[in-house]
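The chain contents come next:
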Amino acid sequence: MEEVKVKIPPGRICIHDGRCPNGCSLMNRRKLFSGKAAITAAVRLRGKMGLIHFNPLYGVFEYQCDLPLKKGDVVDAYCPHCNVSLSVETQCGMCQVPMFAIQLPNGGEVRACPTVGCRNHELTIVDLDAQIAQLYSEERRPKM
Ligand SMILES: [Zn+2]
Ligand SMILES: [Zn+2]
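Just so you know, these numbers come straight off a predicted model, no measurement behind them.

**As for the overall build of the protein**
Stage number 1. Assigned secondary structure in the protein consists of 1 helix and 10 strands.
Stage number 2. The N-to-C order of helical and strand elements in the protein reads β-β-β-β-β-β-β-β-β-β-α.
Stage number 3. Within the protein, buried positions represent 27% of all 144 residues.
Stage number 4. Once local pairs closer than 6 in sequence are excluded, the contacts in the protein between residues at least 24 apart make up 45%.

And the structure:
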């Protein structure tokens with residue numbers, strides 16, 4: 001299938017179903033950003049394991065990590081449930097390191113660069129119509 005890369009304005013799409021390649025949900029309802037469940041992954045840096053929580057709004061580069069991260073550190077990201085690596089073959093065009101990916105329903109994925117301070121990430125959508133319909137369904141509801 002053809003991959004479609006979409007440029008989306010920051011903060012417009014909330015990821016509410018992100019998974020590891022084995023299907024574990026990475027959504028974490030015990031950690032909230034603006035009332036939305038965080039995306040939580042395990043990370044390893046300099047031999048230490050920790051957890052990183054991402055704001056689920058696509059394009060908002062907000063995260064909390066229980067390891068001290070410095071600009072330029074490159075973390076390894078894992079599923080916190082089954083420990084599978086989240087890294088993929090696609091490399092960050094800016095840092096030349098393998099990116100990591102969070103799987104979306106219908107075959108899409110969000111890829112992000114594991115270098116602290118690098119803002120390169122992208123949303124890759126395989127089944128565009130289904131994915132957009134799902135991603136935007138929340139916004140079409142009338143606002144109270
Ligand atoms: Zn898993
Ligand atoms: Zn990068």
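**Side note on the nonpolar core**
Stage number 1. Core analysis: the biggest nonpolar cluster contains 26 residues, and Ile39, Ala41, Leu86 and Val110 have the highest contact counts within it.
Stage number 2. Every element with two or more residues in this core is listed here: strand E3 (36–45), strand E4 (48–54), strand E8 (98–103) and strand E9 (109–112).
Stage number 3. Take this core: its biggest share by element is 6 residues, from E3.
Stage number 4. Those residues in contact with Leu86 that sit more than four places away from it in its chain are Cys20, Ala41, Ala77, Tyr78, Cys79, Phe100, Ala101 and Ile102.

**Notes on the environment of Ser87**
Stage number 1. Its place among the elements puts Ser87 in strand E7 (residues 87–91).
Stage number 2. Separated by 25 residues in the primary sequence, Ser87 and Ala112 have C-alpha atoms spaced 9.3 Å apart.
Stage number 3. Excluding residues within four positions of it along the chain, Ser87 makes contact with Asp76, Ala77, Pro98 and Phe100.

**Re the pairing of E4**
Note on strand geometry: in a regular strand, side chains alternate between the two faces of the sheet.
Stage number 1. Of the strand pairs in this sheet, E3 and E4 are connected by 7 bridges, and their pairing is antiparallel. Each residue of the ladder has a partner; that of Thr40, found in E4, is His53.

**Describing unusual backbone geometry**
If a residue is not glycine, its phi is most likely negative; likewise, a peptide bond is most likely trans.
Stage number 1. Even without being glycine, Ser34 reaches a positive phi, approximately 50 degrees.
Stage number 2. In this fold, Ser34 is placed in the loop between strand E2 (27–33) and E3.
Stage number 3. Of note, Arg46 is a non-glycine position whose phi angle comes to about 45 degrees, a positive value.
Stage number 4. Relative to the elements of secondary structure, Arg46 occurs in the loop between E3 and E4.

**Comments concerning the environment of Ser34**
Stage number 1. Residue Ser34 is classed as exposed on the basis of its C-beta count, with 11 C-beta atoms lying within 10 Å.
Stage number 2. A sequence separation of 23 residues divides Ser34 from Leu57, and the C-alpha atoms of the two residues are 9.6 Å apart.

**Thoughts on the pairing of E8**
Stage number 1. As paired strands, E7 and E8 are joined by 2 bridges and run antiparallel to one another. Within E8, the position partnered with Ser87 by the bridge is Phe100.
Stage number 2. The antiparallel hairpin formed by E7 and E8 contains 6 residues in its connecting segment, where Gln96 sits at a positive phi of about 60 degrees.
Stage number 3. The pairing of E8 with E9 spans 4 bridges and is classified as antiparallel. Paired with Ala101 across the bridge in E9 is Arg111.

Conventions adopted
- Per chain, residues are indexed from 1 in the order of the written sequence.
- All chains are assigned letters beginning at A, and all ligands numbers beginning at 1, according to the order in which they are written.
- Predicted model: local features are reported for residues with pLDDT of at least 70 only, side-chain atom pairs are reported and counted for 80 or more only, and whole-chain, interface and lining totals are derived from all residues.
- Helix numbers and strand numbers start at the N terminus; a helix is a DSSP run of H or I with at least 4 residues, a strand a run of E with at least 2.
- Buried, partly exposed and exposed are defined by the number of other C-beta atoms within 10 Å of a residue's own C-beta, namely 20 or more, between the two limits, and 12 or fewer respectively, with C-beta atoms placed from the backbone.
- Throughout, a residue-residue contact means that the two C-beta atoms, derived from backbone geometry, are no farther apart than 7 Å.
- By our criterion, buried Ala, Val, Leu, Ile, Met, Phe, Trp, Tyr and Cys residues that link up through C-beta atoms within 7 Å make up a nonpolar core.
- Should DSSP find at least two bridges between two strands, the strands are taken to pair.

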